[in-house]
Amino acid sequence: MTDTSQAAEKAKIHEGKEADHHPYFRPRDAATLILVDRSGSIPKVLVGKRHDKVVFMPGKFVFPGGRVDKNDYRVPVAAPITAELEANLAKGSPKTPASRAKSLAIAAIREACEETGLCLGRKTEGKAKLEGAWKPFADAGLLPDPSSLFLIARAITPPGRVKRFDTRFFTADASAITHHVEGVIHADAELVELVWVELGSKPLADLHPMTRNVLNELDTRLATGPLRHDAPVPFFHFYGGKMQKDILS
């Protein structure tokens, strides 16, 4: 095999692998929303299939989520996040201030609407004054409503990655969805398909390992009954090259 052929073969082997040799990058705040349908005997979660041509995790099933926008904390809401959720988001070191806690919760709702067309909001008197990514809420006379969110876990991308995120994983019941934007999911979109899948089913086995950890936490909590804000919130992070699981306090 020639040097060129060997290089090509190595490129194929490593194609799609997360780069792990970059210098230290500070993690950026991000939020993910796991929507849960508990109407059947086995809970279902909503996952989206990523386009085959995207750089990060092509063709994989993922939960909607993304980076916090600098203006998320300024977005008017139909109801504030609950005091219990704010307290959970404040846990850890350094403490998360109230404005940052709101930004994280609002980012989860925004990303879910942008990527899936499913919006968690509440009707308001008059026309909501929202623009940009929030225009679907304004068009439907809604303001985002984070009062139904629960914090399931927090996870930080390992050092050495070109993109690092400090992600809070939220969940909400499917009944909190109040508006559906048509046309968001299509063959050329970031997510080409949406599927409600039962916990433990095959599509979930191919999730990113960190996401599987979070989903296992959700599964455990759902098995005990209704979600509660006083349940332990795990924090997944890496120390000494190994993943650690702590409980936020």
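Residues numbered from 1 in each chain as written. Predicted model: local features only at pLDDT ≥ 70, side-chain atom pairs only at ≥ 80, totals over all residues. Heavy atoms only, no water.

Trainee: Looking at this model, I keep getting lost on the nonpolar core. Mind explaining?
Mentor: The tendency in soluble globular proteins is for nonpolar side chains to be buried side by side. One finds Leu33, Leu89, Leu120, Leu130, Phe137, Leu149 and Phe170 to be the most contacted residues of the largest nonpolar core, which totals 38 residues. Every element with two or more residues in this core is listed here: strand E1 (28-37), helix H2 (83-90), helix H3 (98-116), strand E5 (118-119), helix H4 (135-139), strand E7 (142-144), strand E8 (150-156) and strand E9 (165-173). Ranked by residues supplied to this core, first place goes to H3 with nine residues. Here Leu149 is in contact with Leu33, Leu85, Ala105, Ile109, Leu120, Phe170, Thr171, Ala172 and His229, once residues within four sequence places are set aside. Within the second largest apolar cluster, 22 residues are counted, among which are Phe61, Ala153, Phe169 and Leu207. (Core = buried A, V, L, I, M, F, W, Y, C linked by side-chain atoms within 4.5 Å. Buried < 20%, exposed > 50% of the residue type's maximum accessible area, 1.4 Å probe, protein only. Helix = DSSP H or I, 4+ residues; strand = E, 2+ residues; numbered from the N terminus. Contact = heavy atoms within 4.5 Å.)

Trainee: When you look at the pairing of strand E12 (residues 234-239) in this model, what are you seeing that I'm missing?
Mentor: Every other side chain in a regular strand lies on the same face of the sheet, so the side chains alternate between the two faces. Strand direction decides the pairing type here: E8 and E12, joined by two bridges, are parallel. Within E12, the residue paired with Arg154 across the bridge is Phe235. Where E12 and strand E13 (residues 242-247) come together, six bridges link them in antiparallel fashion. Bridge pairing in E13 links Phe236 to Lys245. (Pairing = 2+ DSSP bridges.)

Trainee: Can you walk me through unusual backbone geometry in this structure?
Mentor: Most peptide bonds take the trans configuration, and most residues that are not glycine carry a negative phi. The omega torsion of the bond from Ser93 to Pro94 falls at -5 degrees, within 30 degrees of zero and hence cis. Its place among the elements puts Pro94 in the loop between H2 and H3.

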